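# Architecture at a glance
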Amino acid sequence: MKKESPLNRLWNLAKNEHKELQIAILFAIIGIVGGIIPFISAGKIIAALIDDVRKIDFYIKWFLIGFIGYLIKVIFYNIALSKSHKSAYSLLEEIRLKILNKLPKLSLGKVVDTPSGKIKQLIVDQVESLERPVAHLIPELTANIIGPILILIYLFILDWRIALLSLVSFPIGMIFMKKIMKGYPKQFAGAVQVGGEMNSSIVEYIEGIEVIKAFNQGDEQYRKFSEKIKANANYYCKWMKDVQFLMSMSKSVMPTTLLAVLPVGWIFFKNGNLQSETFLMVIILAFSISGLLTEAMNFVDSLARVGTILDSVEKKNKITPQRKLC
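Residues numbered from 1 in each chain as written. Predicted model: local features only at pLDDT ≥ 70, side-chain atom pairs only at ≥ 80, totals over all residues. Heavy atoms only, no water.

### Description of the overall build of the protein
What counts is decided by this rule: The numbering of helices and of strands both runs from the N terminus, where a helix is a DSSP run of H or I of at least 4 residues and a strand a run of E of at least 2. Residue exposure (1.4 Å probe, protein chains only): buried if accessible area is under 20% of the type maximum, exposed if over 50%, otherwise partly exposed. Contact criterion: two residues are considered in contact whenever any of their non-hydrogen atoms come within 4.5 Å of each other. Values of accessible area rely on a 1.4 Å probe in the Shrake-Rupley scheme; residue burial ignores everything except the protein chains shown.
Secondary structure summary: the protein contains 14 helices and zero strands in total. In the protein, the order of α-helices and β-strands from amino to carboxyl end is α-α-α-α-α-α-α-α-α-α-α-α-α-α. Looking at the protein residue by residue over its 326 residues, the buried ones come to 43%. Restricting to contacts in the protein with at least 6 residues of sequence separation, those with at least 24 account for 85%. If you sum the accessible surface of the protein, you get close to 18,600 Å²; carbon and sulfur atoms cover 65% of it.

### With respect to helix H13 (residues 276–297)
How we decide: By this rule, a helix spans an expected 1.5 Å times one less than how many residues it contains.
For H13, which comprises 22 residues, the first-to-last C-alpha distance of 32 Å matches the rise-based estimate of 32 Å (1.5 Å per residue) to within 8%. For H13, the buried fraction is high: 16 of the 22 residues fall into the buried class.

### Overview of helix H6 (residues 131–158)
Applicable threshold: For a residue, the bend is simply the angle between two axes, fitted respectively to the seven-residue segment ending there and the seven-residue segment starting there.
Under the 1.5 Å per step criterion, the end-to-end length of H6 is 40 Å for 28 residues, consistent within 8% with the ideal 40 Å. Along its length, H6 reaches its greatest deviation from straightness, about 45 degrees, at Leu-137, and the proline Pro-139 lies no more than four positions downstream.

### Let's talk about the packing of aromatic side chains
This is how it is decided: Aromatic rings from Phe, Tyr and Trp, with only the six-membered ring used for Trp, were paired whenever their centres fell within 6.5 Å, and each pair was classed as stacked if the ring planes differed by under 30 degrees, edge-to-face if by over 60, and tilted otherwise.
Applying the stated criterion to the full structure yields eight aromatic pairs. With a centroid separation of 6.3 Å and 80 degrees between ring planes, the pair formed by Tyr-235 and Tyr-236 is classed as edge-to-face. A relative accessible area of 25% means that Tyr-235 is categorised as partly exposed. Ring geometry for Tyr-235 against Trp-239: centres 6.4 Å apart, planes inclined by 65 degrees, an arrangement best described as edge-to-face. Residue Tyr-235 and its partner Trp-239 are both found in helix H11 (residues 218–253); the two are separated by four residues, about one turn of the helix.

### Structural notes on the confidence of the model for the protein
Interpretation of this model should avoid reading the predicted coordinates in detail wherever pLDDT is low. Note the cut-off: As a per-residue quantity, pLDDT reports the predictor's confidence and falls between 0 and 100.
Residues of the protein with pLDDT of at least 70 account for 85%, and the chain-wide mean is 79. In this model, residues 318–326 is a region of pLDDT below 50 whose contacts with residues beyond four sequence positions or in other chains number 19 contacts.

### Brief notes about the side chain of Asn-232
Here Asn-232 shows up in helix H11. Beyond its immediate stretch of four places on either side in the chain, Asn-232 contacts Ala-191, Val-194, Gly-195 and Met-198.

### Notes on unusual backbone geometry
Backbone geometry at Asp-52 places phi at a positive 65 degrees, although glycine is not the residue there. Asp-52 gets classed as partly exposed once you look at its relative accessible area, which sits at 46%.

### Points about the nonpolar core
Let me state the cut-off plainly: The set of buried Ala, Val, Leu, Ile, Met, Phe, Trp, Tyr and Cys residues whose side-chain atoms join them within 4.5 Å is what this entry labels a nonpolar core.
Of all hydrophobic cores here, the largest spans 59 residues; its most connected members are Leu-130 and Leu-155. Those residues within four positions of Leu-130 in sequence are excluded, and the remaining contacts are Leu-10, Leu-13, Leu-92, Ile-95, Ile-309 and Leu-310. Listed in part, the six residues of the second largest apolar core include Phe-176, Met-177, Leu-246 and Met-254.

### Here's the deal with a nonpolar patch on the surface
We apply this condition: Note on patches: the residues involved have over 30% relative accessible area and no salt bridge, like charges join within 9 Å, and the nonpolar side chains Val, Leu, Ile, Met, Phe, Trp and Tyr join within 5 Å. For this analysis, a salt bridge means a side-chain nitrogen from Lys or Arg found within 4 Å of a carboxyl oxygen belonging to Asp or Glu.
A surface patch of nonpolar side chains, amounting to about 1,000 Å² of accessible area, comprises Ile-56, Ile-60, Phe-63, Leu-64, Phe-67, Ile-68, Tyr-70, Leu-71, Val-74, Ile-75 and Ile-79. On the secondary structure map, Leu-64 appears in helix H3 (residues 56–102). Classification of Leu-64 by relative accessible area gives partly exposed; the value is 43%.

### Things to note about the pattern of salt bridges
Scanning the model with the defined rule gives seven salt bridges in all. Residue Lys-98 is joined to Glu-94 by a salt bridge in which the shortest nitrogen-to-oxygen separation is 3.2 Å. In this pair, Lys-98 and Glu-94 both sit in helix H3, four residues apart, roughly one turn of the helix. With relative accessibility at 38%, the residue Lys-98 sits in the partly exposed group. Between Asp-242 and Lys-238 there is a salt bridge; the shortest N-O distance is 3.1 Å. Of this pair, Asp-242 and Lys-238 both sit in helix H11, four residues apart, which is roughly one turn of the helix. Under the relative-accessibility criterion, Lys-238 is labelled exposed at 54%.

### Quick notes on the environment of Asp-242
We classify Asp-242 as partly exposed; its relative accessible area is 42%. Sequence separation of Asp-242 and Ile-180 is 62 residues, and the distance between their C-alpha atoms is 9.2 Å.

### Here's the deal with the environment of Lys-230
Inspection of the secondary structure assignment puts Lys-230 in helix H11. Separated by 32 residues in sequence, Lys-230 and Met-198 have C-alpha atoms that sit 8.9 Å apart.

See the structure below:
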């Protein structure tokens, strides 16, 4: 049976907030479209300057169009984030209440055997970490994917050859990203485990400090306490060291949409197969794609974490989503 994607599981979990999140996604997309308009305006203005156009009305018109586009981006994007944040915190409240309602129903042995630090990590830390995926990933990732698609459609209208060239860097960057994501679930699960052990050690050490001192066990317990903290730090250092090169390469290569556009586009232009205005517009729009792809890639880490976090929350709370995204 094919496992459901983390994003789809997250969407199903937030079923009570679907309406607000759908509005947030719509507004975020409108904001992204509004953010593309200034790039088009800048392209028109620069092309007119190169062609020595001296009609002030032309420049005022495109300046106002770009300014309106920027206002649309700011207004709609902020409204989208406002709505998604309200939905996120409502979801966090709902999950925490469900977990707290279940705790009294557990057997006493189960509660006693579960370290208090682990319970704290689940209810406070892991549930809190769902805020970013719900409030940002769902609306912003969707918008930052649709934005480049709309730009690519416009590029295909301008010149299909250059549109294809702007995609060259994407599969190269995905090669590095695929290698990172291959082991990410296992690595993050390990991070959650060492983090839980550290939290448990901290809580137990603080709560039992009086007994520890009374029985003269301070040095021994402090040694165990410090070892858990060092283990947590060492795990993250090793993990980051293992993936740093691949992550740097993926984030450096994927957004470089001008990698093939500039050299090949220049050849087309020199041979008379590409108009200067089209070439200039393509360069500017390629920059806008680069920015959107960079923003989208910032959510890859959050998306990869969602699956592990939901496994922990659903296991504790027995949350079984019923509705599917599509």
